[in-house]
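Residue-level structure breakdown
Residues per chain, in single letters:
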There are 2 protein chains.
Amino acid sequence: MPKEKKLVEAITSMDEDFAQWYTDVVKKAELTDYSSVKGCMIIKPAGYAIWENIQNELDRRFKETGVENVYMPMFIPESLLNIEKDHVEGFAPEAAWVTHGGSNLLQERICVRPTSETLFCDFYKNDIQSYRDLPRVYNQWCSVVRWEKETRPFLRSREFLWQEGHTAHATEEEAEERTIQMLNVYADFCEEVLAIPVVRGKKTEKEKFAGANATYTIEALMHDGKALQSGTSHNFGDGFARAFGIQYTDKDNSLQYVHQTSWGMSTRIIGAIIMVHGDDSGLVLPPKIAPIQVMVIPIQQRKEGILEKASELKERLVAAGIRTKLDDSDKSPGWKFSEQEMRGIPIRIEIGPKDIEAGQCVLVRRDTREKIVVALEQLEVKAQELLESIQADMFACAKAHRDAHIYDAHNFQEFEEIITNRPGFIRGMWCGEQACEDKFKEDFAATSRCMPFTDQEEISSVCVCCGKPAKKLVYWGKAY
Amino acid sequence: MPKEKKLVEAITSMDEDFAQWYTDVVKKAELTDYSSVKGCMIIKPAGYAIWENIQNELDRRFKETGVENVYMPMFIPESLLNIEKDHVEGFAPEAAWVTHGGSNLLQERICVRPTSETLFCDFYKNDIQSYRDLPRVYNQWCSVVRWEKETRPFLRSREFLWQEGHTAHATEEEAEERTIQMLNVYADFCEEVLAIPVVRGKKTEKEKFAGANATYTIEALMHDGKALQSGTSHNFGDGFARAFGIQYTDKDNSLQYVHQTSWGMSTRIIGAIIMVHGDDSGLVLPPKIAPIQVMVIPIQQRKEGILEKASELKERLVAAGIRTKLDDSDKSPGWKFSEQEMRGIPIRIEIGPKDIEAGQCVLVRRDTREKIVVALEQLEVKAQELLESIQADMFACAKAHRDAHIYDAHNFQEFEEIITNRPGFIRGMWCGEQACEDKFKEDFAATSRCMPFTDQEEISSVCVCCGKPAKKLVYWGKAY
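This structure is a prediction, so every number in the text was calculated from the model and none was measured.

Conventions adopted
- Residues numbered from 1 in each chain as written.
- Chains lettered and ligands numbered in written order.
- Predicted model: local features only at pLDDT ≥ 70, side-chain atom pairs only at ≥ 80, totals over all residues.
- Heavy atoms only, no water.
- Helix = DSSP H or I, 4+ residues; strand = E, 2+ residues; numbered from the N terminus.
- Buried < 20%, exposed > 50% of the residue type's maximum accessible area, 1.4 Å probe, protein only.
- Contact = heavy atoms within 4.5 Å.
- Axes fitted to C-alpha atoms, helices over the stretch in contact; angles between N-to-C directions.
- Left-handed = near helix turned anticlockwise from the far one by under 90°.
- Nonpolar A, V, L, I, M, F, W, Y, C, P; charged D, E, K, R; others polar.
- Pairing = 2+ DSSP bridges.
- pLDDT = per-residue confidence, 0-100.
- Patch = residues over 30% accessible without salt bridge, like charges linked within 9 Å, V, L, I, M, F, W, Y side chains within 5 Å.
- Areas by Shrake-Rupley, 256 points an atom, 1.4 Å probe, with all protein chains shown as cover.
- Salt bridge = Lys/Arg side-chain N within 4 Å of Asp/Glu carboxyl O.
- Lys, Arg positive; Asp, Glu negative; His and termini not counted.
- Charge placed at Lys NZ, Arg CZ, Asp CG, Glu CD.
- Least-squares fit on C-alpha atoms with pLDDT ≥ 70 in both.
- Phe/Tyr/Trp six-rings, centres within 6.5 Å; stacked < 30°, edge-to-face > 60°.
- Lys NZ or Arg CZ within 6 Å of the ring centre and 35° of its normal.
- Polar contact = N/O pair within 3.5 Å; in protein donor to acceptor, adjacent residues only side chain to side chain.
- Core = buried A, V, L, I, M, F, W, Y, C linked by side-chain atoms within 4.5 Å.
- Expected span 1.5 Å × (residues − 1).

**What about the overall build of chain A?**
From N to C terminus, chain A includes 15 helices and 23 strands. If one aligns the C-alpha atoms of chain A with their principal axes, the spans along those axes are about 80 × 55 × 50 Å. Classification of the 480 residues of chain A by burial places 58% in the buried group. Restricting the contact set of chain A to residue pairs at least 6 apart, pairs at least 24 apart contribute 68%.

**Description of the packing of helix H2 (residues 18–28) of chain A against helix H9 (residues 268–277) of chain A**
All names here are of chain A. Interhelical geometry of H2 versus H9 gives an angle of 115° and a closest axis separation of 11 Å. Here the hand of the crossing between H2 and H9 comes out right-handed. Residues Phe 18, Trp 21, Tyr 22, Val 25 and Val 26 of H2 pack against Gly 271, Ile 274 and Met 275 of H9. Class assignment of the residues belonging to the contact of H2 with H9 gives a composition of seven nonpolar, one polar and no charged.

**Quick look at the sheet that holds strand S15 (residues 294–298) of chain A**
All names here are of chain A. Across the sheet, which stays open at both edges, the five strands sit in the order S16-S15-S17-S18-S19 with mixed pairing between neighbours. The sheet terminates laterally at strand S16 (324–326) and strand S19 (371–375), the two strands that pair on one side only. Mean inter-strand twist for the sheet, computed between neighbouring axes without regard to direction, equals 25°. Bridging between strand S18 (residues 360–365) and S19 involves five bridges; their strand directions are antiparallel. Residue pairing in the sheet places Leu 363 in a bridge with Ile 372 of S19. The strands that helix H13 (residues 379–403) touches are strand S17 (347–351), S18 and S19; relative to S18, the one it contacts most, it runs at about 10°.

**Some details on the confidence of the model for chain A**
With 98% of its residues at a pLDDT of 70 or more, chain A shows a mean pLDDT of 96. The ipTM value of the predicted complex is 0.96, and its pTM value is 0.96.

**Comments concerning a negative patch on the surface**
A cluster of acidic side chains, namely Asp 15, Glu 16, Asp 17 and Asp 280 of chain A, defines a negative patch on the protein surface. The residue Asp 15 of chain A is located in the loop between helix H1 (2–9) and H2 in this model.

**Describing the relation of the copies chain A and chain B**
For these two chains of identical sequence, chain A goes onto chain B by a turn of 180° and a shift of 0.0 Å along the axis, with RMSD 0.0 Å. Taken together, the rotation and translation relating the two chain copies correspond to the operation of a two-fold axis. Scanning chain A for the C-alpha nearest the rotation axis identifies Val 98 of chain A, at a separation of 2.0 Å.

**With respect to the packing of aromatic side chains**
Residues and elements named next belong to chain A. Using the criterion set out here, one finds 48 aromatic pairs over all chains in the structure. A network of ring pairs unites the aromatic residues Trp 51, Phe 62, Trp 141, Tyr 186 and Trp 263 as a single cluster. The ring of Phe 337 carries the charged tip of Arg 348 above its face, separated from the ring centre by 3.9 Å.

**A closer look at the environment of Glu 78 of chain A**
Structurally, the position occupied by Glu 78 of chain A is in helix H4 (residues 78–81). At a separation of 3.0 Å, a polar atom in the side chain of Glu 78 of chain A contacts the side chain of Arg 109 of chain A.

**As for the interface of chain A and chain B**
Facing 49 residues of chain A, the contacting portion of chain B comprises 49 residues. In this structure, the connection of chain A to chain B is made through four salt bridges. For Glu 52 of chain A, the salt bridge is made with Lys 63 of chain B, and the minimal N-O distance between the two is 3.0 Å. At the boundary of chain A and chain B, one finds 21 residue pairs in polar contact (both at pLDDT 80 or more).

**Structural notes on the environment of Ala 95 of chain A**
When you line up the elements, Ala 95 of chain A lands in the loop between helix H5 (85–91) and strand S5 (96–101). The sequence separation of Ala 95 of chain A and Ile 406 of chain A amounts to 311 residues, and the corresponding C-alpha distance is 36 Å. If we skip the residues at most four places from it in the chain, Ala 95 of chain A touches Cys 111 of chain A together with His 100, Gly 101 and Gly 102 of chain B.

**A word on the nonpolar core**
The biggest cluster of nonpolar side chains holds 204 residues, and the ones touching the most others in it are Ile 54 and Phe 75 of chain A together with Phe 75 of chain B. Ranked by size, the runner-up nonpolar core spans 22 residues in total, among them Val 296, Leu 317, Leu 326 and Leu 376 of chain A.

**So, the sheet that holds strand S7 (residues 136–145) of chain B**
Residue and element names in this part refer to chain B. Spatially, eleven strands are ordered S3-S7-S8-S14-S11-S10-S9-S22-S23-S21-S20 in an open sheet, and the strand pairing comes out mixed. For this open sheet the edge positions go to strand S3 (68–69) and strand S20 (406–408), each flanked by a neighbour on one side alone. As paired strands, strand S9 (residues 199–202) and strand S22 (residues 447–452) are joined by two bridges and run antiparallel to one another. The residue bridging Gly 201 from the neighbouring strand is Pro 452, located in S22. Against the sheet, helix H3 (residues 45–64) engages S3, S7, strand S8 (159–169) and strand S14 (259–266), with an angle of about 165° to S7. Together, strand S21 (425–430), S22 and strand S23 (472–477) form the strand contacts of helix H15 (residues 434–444), whose direction differs from that of S21 by roughly 150°.

**Considering H3 of chain B**
Residues and elements named next belong to chain B. Counted at 1.5 Å a residue, the expected span for H3 with its 20 residues is 28 Å, and the 28 Å between its end C-alpha atoms agrees. By the criterion of burial, H3 is predominantly enclosed, with 15 of the 20 residues buried. Positive backbone phi, approximately 95°, marks Gly 66, located one or two places after H3.

**A closer look at the side chain of Arg 146 of chain A**
Residues and elements named next belong to chain A. Structurally, the position occupied by Arg 146 is in the loop between strand S7 (136–145) and strand S8 (159–169). Within the buried set, Arg 146 has no salt-bridge partner at all; the shortest N-O distance to an opposite charge, 4.7 Å, is to Glu 94. Other than its neighbours up to four places away in sequence, Arg 146 contacts Phe 91, Glu 94, Pro 114, Thr 115, Ser 157, Arg 158, Phe 160 and Trp 162.

**Overview of unusual backbone geometry**
In this structure, Pro 135 of chain A follows Leu 134 of chain A across a cis peptide bond, with omega equal to -5°. Tracing the chain through its elements places Pro 135 of chain A in the loop between helix H6 (117–127) and S7. At Glu 30 of chain B, a residue that is not glycine, the phi angle is positive and equals roughly 60°. You can see Glu 30 of chain B is positioned in the loop between helix H2 (18–28) and strand S1 (32–34). The backbone of Asn 253 of chain B sits at a positive phi, close to 70°, despite the residue not being glycine. Positionally, Asn 253 of chain B belongs in the loop between strand S12 (247–249) and strand S13 (255–257). Here Asn 253 of chain B falls in the exposed class, since its relative accessible area comes to 64%.

**Brief notes about the pattern of salt bridges**
Note on pairing: side chains with opposite charge can pair once their charged atoms come close. Residue and element names in this part refer to chain A. One pass over the structure, following the stated rule, counts 76 salt bridges over all chains. Put simply, Glu 341 and Arg 348 hold a salt bridge, and the shortest N to O gap is 3.1 Å. By the burial criterion, Glu 341 is buried, and Arg 348 matches it. Here Lys 382 and Glu 385 are joined by a salt bridge, their closest N and O atoms 3.9 Å apart. One end of the pair, Lys 382, and the other, Glu 385, are both in helix H13, three residues apart, so they sit about a helical turn from each other. Ionic contacts of the salt-bridge type, sharing partners, join the residues Asp 279, Glu 341, Arg 348, Glu 350, Arg 366, Arg 369 and Lys 371 into one network.

**Quick notes on the pairing of S22 of chain B**
All names here are of chain B. Burial runs high along S22: six of the six residues are buried. Here three bridges tie S22 to S23, and the two strands are oriented antiparallel to one another. Directly across from Cys 450, in S23, lies its bridge partner Tyr 475.

**Here we look at the side chain of Glu 52 of chain B**
Tracing the sequence through the fold places Glu 52 of chain B in helix H3. Among the polar contacts listed, one links the side chain of Glu 52 of chain B to the side chain of Asn 69 of chain A, at a separation of 2.8 Å.

**Here's the deal with the environment of Arg 109 of chain A**
Among the structural elements, Arg 109 of chain A can be located in strand S6 (residues 104–112). Each residue touching Arg 109 of chain A, except ones within four places of it in the same chain, is listed here: Pro 77, Glu 78, Trp 97, Val 98 and Thr 99 of chain A.

Structure below.
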């Protein structure tokens, strides 16, 4: 069967070249395509359907916490971007600048939003007057633009889709609470829906968001042992409020500055799904996020009654609320299997003449390839159970892999040995000085990923880099 | 009660100044706000929630017809925009041009998409190879930018949200069929969900989309007698395909050009909802699109048991699938009534001590202000029935208004009399010459809205403008 071979051969193996494997999967699973617009990606139906599922589930979780959606303009006048000093330094260098409307030179150039803190601040400045107007818990779904030099589908793109939440609160405590709450929404979503275990923690000063008092992050470990920052939540304190003059009258009739947060998750997370769960046959999607959960593939479909039975099974599963498709194309079963595997569909059902005779069908798990013979009358129940098992097992498997790639380093030599030979997270104590972060970055291209919330045992009393007294446990690693 | 007065007085009456009434409603119902970005609007939670409902319902209807969602880059390189001549002439004059990425001058300037035909063509050129790849029925939800001089919330804005469908087909017939199919999806959606009656028809050559063979439109009549183009569907034939070289190999192994369509509906439609249904107390939302369908307002809420009962009613309605909120703020009932009316919430429920004693509550319709006493045990059923009645009555009312403002004109004098004195649609025969359209535009600022699909009786044998032999019946009018 040369055709089947061809589809699988189209993917480089992960062990041979992980970066090429990633690119191959994105292409062959038809998630994205390149465009004539340098550095921007086209998200194709199979990729966008994953994003729609992410949006639906995240949006539902946001709204449960009281989030309201809004839409801000996509443009930021330069003078507005310039108001908060750290923020403009962080974003202006990679902004895309609009200078002309039609044939007219604009009086002031405007950039396409790289993020919308300044727009929300400009809005809140007038929108918020009294303590009765607080909190404001707004979010928007949109695309943002950052003029990156090196780009890769989902992971780094000049334009990407995301959501950005922007909130304003009466007190410091409330803002901090919301910051952590949203980080936990992201973390729970990743673990429960995407089956991706994450480390929750705080960024160091060096790694925090431009303009934030504190940035919290969830960090996931990819199959190649590199980290991927998967969602961030920022506490701005009253820094932006002071820069923009966002004040409210409190119950005592005195003027106070609001305290703000922002938090975002982007299409980057699709890169994490690919790199945490994928294998040498392509994509492996967790059932809860898979646009198609079950693909029914008829065997010897030209024989009488086969297609009808396959179609009946599909309809039964659809009626049971399982996202199911039937592949009744004129390709060979083997080719269809390869395609279903490439696309990461969690279960395929094989149904042929012998199965029908025996009153059964065969369910094949995408994640383990295990085959399970199921009596036809039990199909819905067994399929549902299997989807749940796959979801749970994929998380357990990803967690086992992640945990097996967390190493402790007590000094520079250990750190060097691990970072050179064993890709993964390195737990190491840190003195708190940026010089040590800079050294690890320069020597090994390794960064501090986060200071974890839990897991704060003191594995050494001295900094893994400089040997001076240590302050914090840090997860280090190479990152996307 | 000076406070209640203030809220209502905040709106100019429709008859006095319709444009100001519109602006007031948009502001006081908290749908949008102005931004520091000239000509761009901020869509606030109450406005965005309407758009989310529109998206959900339209998207569901699209997918039933086989539409798949994708995402294209927001930028178009100038050379790509220039490929189709009519198209670039139509859109380049109001494009926003990006010239710099960070501090670097771009080698080629790029515009922010005003519409994405060129991007889809550029993609389809490589994506479509064989007849097996057809049809492609793609859609995207995004924002687009057109550098307009005069702007108004929802109606005309430099950036607005929309969906744009872009399809490619093997044959001319199939493309035409899809063009009409999507126009009907829009029309049915407007009539069934938004309670807005529309005229379905074809645009004249002068009014069609830049680059299209044919443009179809749905035209709605606003309360002031002006028309609003509410959705359009374009058949491109193979014009773009020839310009971009989009060819496929057919079953006979010969190379053919694809036939394409595009179709769009935007946040402009929210302007139509406001101007078709609104009144001097504010917004009136059709139940099917209203983010909140029922507002429960307790009377004498400080008395024991009132708030509990009001909350119980709310919970019962929510459990019955009705989008319900409870206004338990410390404002007066009268103030709450004004707010609920301003926000266009279809039903309010008044519940006070006497009602509880009598085992009843009072349902008040937003559209007619009719009060209906309902026994508490029948609440869910009666509320559901009332929502359905309101939906149906709002459509009937809007249709009666529309139909009462359609006038026939048989010659120039009649046309002049009507367009000067009686705002509405004017049905008049047309010779087919653009000169007559130009004359009406110049003399009366009136345009040909469409040549209707049905309703093609010949009301005269001569052109309403020039008196020469007539070819088509046209709906004329002033438009937004």
